[in-house]
Amino acid sequence: MKRYINAALLYAVLAMAGGVFYREFTKFNAFTAKTTLSVVHTHYLLLGMVFFLLLLLLEKSFSFTSTKTQNVCDLADAMSMC
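The structure displayed is predicted, hence computed values, not measured ones.

Caption draft 1: Seen up close, the packing of aromatic side chains. Across all of its chains, the model carries 5 aromatic pairs by this definition. With 5.2 Å between their ring centres and 20° between their planes, F21 and F25 make a pair best called stacked. Residue F21 and its partner F25 are located together in helix α1 (residues 2-28), separated by 4 residues, close to a single helical turn. For F21, a relative accessible area of 46% corresponds to the partly exposed category. Look at F25 and you get partly exposed, because its relative accessible area is 39%. Ring centres 5.2 Å apart and planes at 75° place the aromatic pair F51 and F52 in the edge-to-face group. Among the residues examined, F52 registers a relative accessible area of 18% and is labelled buried. Ring-pair connections join several aromatic residues into one group, and the members of that group are Y4, Y11, Y44, F51 and F52.

Each value, and the rule that gives it
Residues numbered from 1 in each chain as written. Predicted model: local features only at pLDDT ≥ 70, side-chain atom pairs only at ≥ 80, totals over all residues. Heavy atoms only, no water. Phe/Tyr/Trp six-rings, centres within 6.5 Å; stacked < 30°, edge-to-face > 60°. Helix = DSSP H or I, 4+ residues; strand = E, 2+ residues; numbered from the N terminus. Buried < 20%, exposed > 50% of the residue type's maximum accessible area, 1.4 Å probe, protein only.

Function cannot be inferred from these measures alone, as they are strictly geometric.
In structure tokens form, the structure reads like this:
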């Protein structure tokens, strides 16, 4: 779960940095036309941070990850037993 929190925090920081960069870059260059930089803040905030926060809530409710990690060999052995 800590991995999801860290990923959400990383995307939040990237969203803030992207928003500040967009604002300052366009202001410095006196750019007034439409640019794709305008969606960086929203994209990282919603698709990054909110996604991982929702994933964290789902993990907390349903516990779909285990504490042990499986090797590819374990998975291959399990599939051959079918």
